[in-house]
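One-letter residues, chain by chain:
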Amino acid sequence: MTDTPHTDAKPAEPQGPTRSGFVALIGAPNAGKSTLMNQLVGAKVSIVSHKVQTTRAIVRGIAIYDRTQIVFIDTPGIFTPKRRLDRAMVSTAWGGAKDGDLVLVLIDAERGIKGEAEALLDSLAERDGHKILVINKIDQVKRETLLALTAAIHEKAKFDETFMISALNGSGCKDLMAYLAKTLPEGPWYYPEDQISDLPMRQLAAEITREKLFLRLHQELPYASHVETESWEEKKDGSVRIEQVIYVERDSQKKIVLGHKGEAIKAIGQASRKEIAEILEQKVHLFLFVKVRENWGNDPERYREMGLEFPH
Ligand SMILES: Nc1nc2c(ncn2[C@@H]2O[C@H](COP(=O)(O)OP(=O)(O)OP(=O)(O)O)[C@@H](O)[C@H]2O)c(=O)[nH]1
């Protein structure tokens, strides 16, 4: 890994009992769940983008603090479901929250609690379990706004603890991490010490390419596109050869992904290759292909691949 944790998370010293458990991150789209997870885990395992609803599958990040292994479940944003895919994301998000030993509810301080965040708080009020309120993006608002917001939230739902943080600059994140570490139950660790994500590398590599695709083409490309890693070959010289397919729904979208004289796909490939190589600490040869697959949004198989339940 090239990134260093900003939270001073340290590998455990062999003393005292170990602790471990799951922490589900839930929040409205764009609340900053991916940014927080990356901040706490200290490595890029989830997609961060200014485009909403980019997190499609549950991604876990694993952090170690003192003697505790904290497994984060990064759930897709909760929002009003419109299409079949949207509905699948919502039920998967609740599923993730159910699995969590702790539920961490992230609220965007700048946006406040109108709309999705309000609906989320209402549905949370009826749910049992240990709930932690985390107000994010405090770098963007004044102290008075923050206090008023906190009071308004507590009127809607009860929380065991409240934190105010900036997932972006790390402020407040260490306190949050320390709290999670001491609150999770005693027990053996779920994963080996050096593992930061249980996402298979193939899927992680596909996520990285998908992020680059969105970053470059967010205005032009509807989010009905999907990346799959088709082959992964370790070479004798220590490099790896990866082939990925970008699936789109229409020919016109294929042209956009390719760009004029293939410029767009070339740039996407270069950016993705660089990042995958940094994570693997290995030379990477990345080959991208674009294919049209009509109506993939209604194909149950695609949902399974993304770790989602197919809604009926
Ligand atoms: N100023 C500021 N921006 C933040 C902070 N945390 C996140 N952001 C920004 O908010 C945007 C959304 O962050 P994400 O982490 O992608 O949000 P998310 O909740 O994972 O979004 P979905 O995947 O759509 O559910 C990005 O542009 C982040 O850089 C923060 O503490 N301060």
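For clarity, every value in this text was computed on a predicted model and none was experimentally measured. (Residues numbered from 1 in each chain as written. Predicted model: local features only at pLDDT ≥ 70, side-chain atom pairs only at ≥ 80, totals over all residues.)

1. Some words on the confidence of the model for the protein
Averaged over all residues, the pLDDT of the protein equals 79, while 72% of them reach at least 70. Mean pLDDT across the elements of the protein bottoms out in helix H2 (residues 84–99) (57) and peaks in strand S6 (residues 161–164) (96). Across residues 1–14 the pLDDT falls below 50, and counting only partners more than four positions away or on other chains, this stretch makes 30 contacts in the model. Per the prediction output, this complex has pTM 0.65; the corresponding ipTM is 0.97. (pLDDT = per-residue confidence, 0-100. Helix = DSSP H or I, 4+ residues; strand = E, 2+ residues; numbered from the N terminus. Contact = placed C-beta atoms within 7 Å.)

2. Quick word on the sheet that holds strand S9 (residues 284–292)
Strand order across the open sheet formed by three strands is S7-S8-S9, with mixed pairing between neighbours. The open sheet terminates on both sides in strands that have one partner only, identified here as strand S7 (226–234) and S9. Neighbouring strand axes in the sheet, compared pairwise and without regard to direction, differ in orientation by 20 degrees on average. As paired elements, S7 and strand S8 (residues 240–248) share eight bridges and run antiparallel to each other. Considered in S8, the bridge of threonine 229 is made with glutamine 244. Each of S8 and S9 touches helix H7 (residues 251–258); the most contacted strand, S9, lies at about 155 degrees to it. Relative to the sheet, helix H8 (residues 263–280) contacts S8 and S9, its axis offset from that of S9 by approximately 135 degrees. (Pairing = 2+ DSSP bridges. Axes fitted to C-alpha atoms, helices over the stretch in contact; angles between N-to-C directions.)

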